[in-house]
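Architecture at a glance
Take a look at the letters that make up each chain.
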Amino acid sequence: MQHIAILGSTGSIGQHTLEVVRRFPEKFRVLGLSANSNIALLSRQVKEFRPCFVAIADSRAAEDFVSKFGAKGIRLFAGQHAAGEMVKDSRLDKVVVATSGSAALAPLLSAIESGKDIALANKEALVMAGPIIMRRARRKKVKILPIDSEQSAIWQCLDKQPSFKLKKIYLTASGGPFRQMPKEGLKKVSLRQVLDHPRWKMGKKISVDSATMMNKGLELLEAMFLFNVPAEKIKILIHPQAIVHSMVEFVDGSVLAQLSRTDMRIPIQYALSYPERLSNPLPGIDFYKLKELDFQSPDFKKFPCLGLALRVAAQLGTAPCVLNAANEACVEEFLKGKLRFTAIPEIIEKVLGRHHNRKEPVLEDILSADTWAKAQARRIIARSN
Ligand SMILES: NC(=O)c1ccc[n+]([C@@H]2O[C@H](COP(=O)([O-])OP(=O)(O)OC[C@H]3O[C@@H](n4cnc5c(N)ncnc54)[C@H](OP(=O)(O)O)[C@@H]3O)[C@@H](O)[C@H]2O)c1
């Protein structure tokens, strides 16, 4: 029996993780759940999974949780540091990090520091502080098991081969909702169109990132840090069917790919059960019905976020953190209706242009670059409105 905590249990990945747990009650026991403010859903999850502890980041929501639902028999952690405190509990074996955005960094580091294996869905934390996270995980002998479907695919294909045996990684991308829209059309897209991803149903932040293709840029950086591979060896490949979740080419010319239906429960389950593979009732791929698997080059002109990600991948230091922070601020403002869709890369580029890169950052440098870049992005947006 594995004892787990799920950070971001009320989100898309969090809920899918609970579905996996529901299917294997003899394998996984949820000891901890955490959310930001969705206490209605959290309380239903608490009723069903009976965790020992719950973390709620929004202090007011935590108070409401106690007054509305009570917290009898549960240890409640509240406030900004709640999840980071919760994951220290010695009964936990593994922490699923499915919080969205940069808020995942502190609890992720705390879980690593207290020696818990990590099933990692969140990509922003790795983009911000990849080298620091991976160094600390190695020092603590903690496993980082990827949930993000592309990283899970690369991890499965690499299968412990050393990175110097690797020639190329083909990081696949469905192309998002605007793959076929002409560049000019992007100026007028609505929020509903942006959130309507053709292949995946996901949280709002990652849906916007998929539409701008920043998601693929973040994943490129994520793969660099997770697998210790330089950007030159990672090729982005548009694959609209989203069946091949990524591929790895080795020095002998062999290419291994991981294929599955587009269902996040598959990589989540593997990150939970690793190294074991557990059977599940999900339907497989019907190769007799699958007519084609297409692969195309990405359009860097139409999706400037890809070029910005490549630029920071060449710089490293605090630059990836700044890219991520500026993007996060832009997405937030876009979701509030305060920023045009096509202005997102423009603002990020301006913030990157003002940034003095710090080459070998320590955690404090990362945190201050994050704060600085978000403030810069918001200032530029406010001025332009
Ligand atoms: N969705 C996917 O298919 C998918 C695939 C690959 C990777 N990922 C990555 O997985 C992460 C989660 O994505 P998602 O789609 O599941 O997001 P989501 O549906 O928006 O859920 C986000 C979760 O994080 C919690 N949260 C948000 N801000 C927080 C804060 N400041 N402090 C504590 N908790 C906070 C939310 O709580 P409330 O509900 O209370 O707001 C919710 O539980 C992202 O980094 C994303 O890039 C997602």
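Calculation notes
Residues numbered from 1 in each chain as written. Predicted model: local features only at pLDDT ≥ 70, side-chain atom pairs only at ≥ 80, totals over all residues. Helix = DSSP H or I, 4+ residues; strand = E, 2+ residues; numbered from the N terminus. Contact = placed C-beta atoms within 7 Å. Pairing = 2+ DSSP bridges. Axes fitted to C-alpha atoms, helices over the stretch in contact; angles between N-to-C directions. Near = placed C-beta within 6 Å. Nonpolar A, V, L, I, M, F, W, Y, C, P; charged D, E, K, R; others polar. Domains from an automatic or database assignment. Core = buried A, V, L, I, M, F, W, Y, C linked by C-beta atoms within 7 Å. Buried ≥ 20, exposed ≤ 12 C-beta atoms within 10 Å, placed from the backbone. Parallel < 35°, antiparallel > 145°, perpendicular 65-115°, else oblique. Left-handed = near helix turned anticlockwise from the far one by under 90°. Expected span 1.5 Å × (residues − 1). Arc of directions from axis to C-beta.

This brings us to the overall build of the protein chain. Counting its regular elements, the protein chain contains 15 helices and eleven strands. Each principal axis of the C-alpha atoms in the protein chain carries an extent, and together these give about 55 × 55 × 40 Å. Within the protein chain, contacts between residues at least 6 apart in sequence are counted, and of these 70% link residues at least 24 apart.

An order of β4-β3-β2-β1-β5-β6-β7 is seen for the seven strands of this open sheet, with the pairing classed as parallel. Pairing within the sheet leaves two strands with one partner each, and these edge strands are β4 (75-78) and β7 (144-146). Between one strand axis and the next, the sheet turns through 20° on average, direction left out of account. Where strand β5 (residues 94-97) meets strand β6 (residues 117-120), four bridges bridge the pair, whose relative direction is parallel. Within β6, the position partnered with Val96 by the bridge is Ala119.

A word on the site of the ligand. Around the ligand lies a shell of 29 residues, among which Gly8, Gly11, Ala103, Met202 and Gly203 are the nearest. Contributions of two or more residues to the shell around the ligand are made by α1 (12-23) and α9 (204-212). Class assignment of the residues belonging to the shell around the ligand gives a composition of ten nonpolar, 14 polar and five charged. A domain split of the shell around the ligand shows at least three residues from each of domain 1 (2-146) and domain 2 (148-261 + 283-313).

Okay, the nonpolar core next. One finds Ile56, Val95, Val97, Ile118, Ala309, Ala326 and Cys330 to be the most contacted residues of the largest nonpolar core, which totals 115 residues. No other element matches helix α13 (residues 319-335), which puts ten residues into this core. Contacts of Val97, omitting those with residues within four sequence positions, involve Leu7, Ala104, Pro107, Leu108, Ile118, Leu120, Ala121 and Asn122.

The omega torsion of the bond from Tyr274 to Pro275 falls at 5°, within 30 degrees of zero and hence cis. Inspection of the secondary structure assignment puts Pro275 in the loop between α11 (265-273) and α12 (304-315). The backbone phi angle of Lys141 is positive, close to 55°, even though this residue is not glycine. Examined against the element boundaries, Lys141 turns out to sit in the loop between α6 (124-140) and β7. One non-glycine residue, Asn228, adopts positive backbone phi at about 55°.

Between α6 and helix α10 (residues 214-227), the shortest axis-to-axis distance is 9 Å and the interhelical angle comes to 15°. By the angle between their directions, the pair α6 and α10 is classed as roughly parallel. Judged by the sense of rotation from one axis to the other, the crossing of α6 with α10 is left-handed. The residues of α10 that touch α6, namely those facing Glu124, Leu126, Val127, Gly130, Pro131 and Met134, are Leu218, Leu221, Glu222, Phe225 and Leu226.

Moving on: the domain arrangement of the protein chain. Partitioning the protein chain into structural domains gives domain 1 (2-146), domain 2 (148-261 + 283-313) and domain 3 (317-385). With centres defined by C-alpha atoms, the gap from domain 1 to domain 3 works out at 26 Å. On the domain 3 side, the residues contacting the seven residues of domain 1 number eight residues. For the side of domain 1 that touches domain 3, the per-class residue count stands at four nonpolar, two polar and one charged.

Pairing within the open sheet is mixed, and its four strands lie in the order β9-β8-β10-β11. In the strand order of this sheet, the two ends are held by β9 (234-238) and β11 (255-259), each with one partner. Pairwise comparison of adjacent strand axes, ignoring direction, gives a mean angle of 20° for this sheet. With five bridges connecting them, strand β8 (residues 166-173) and β9 associate as parallel partners. When the sheet's bridge partners are listed, Ile169 is paired in β9 with Ile234. Strand contacts of α10: β8 and β9, with the helix running at about 150° to β8, the strand carrying the most contacts.

Turning our eyes to something else, we now look at α12. Compared with the 16 Å implied by 1.5 Å per residue over twelve residues, the 17 Å span of α12 between its first and last C-alpha is a close match. On its buried face, α12 sits against α9, α10, β9, α13 and α14 (343-354). Positioned one or two residues after α12, Leu316 has a phi angle of 50°, which is positive.

With that out of the way, let us pick up helix α15 (residues 363-384). Between its terminal C-alpha atoms α15 stretches 32 Å, which fits the 32 Å expected from 22 residues at 1.5 Å a residue. Looking at α15, one finds that the buried residues are Ile366, Ala369, Asp370, Ala373, Lys374, Gln376, Ala377 and Ile380. Considered in projection along α15, the buried side chains sweep an arc of 160° and stay on one side of the axis. Opposite the packed face of α15, turned more than 90 degrees from it, sit the exposed residues Glu364, Thr371, Ala382 and Arg383. Where the residues of α15 are buried, they touch α6, α13 and α14.

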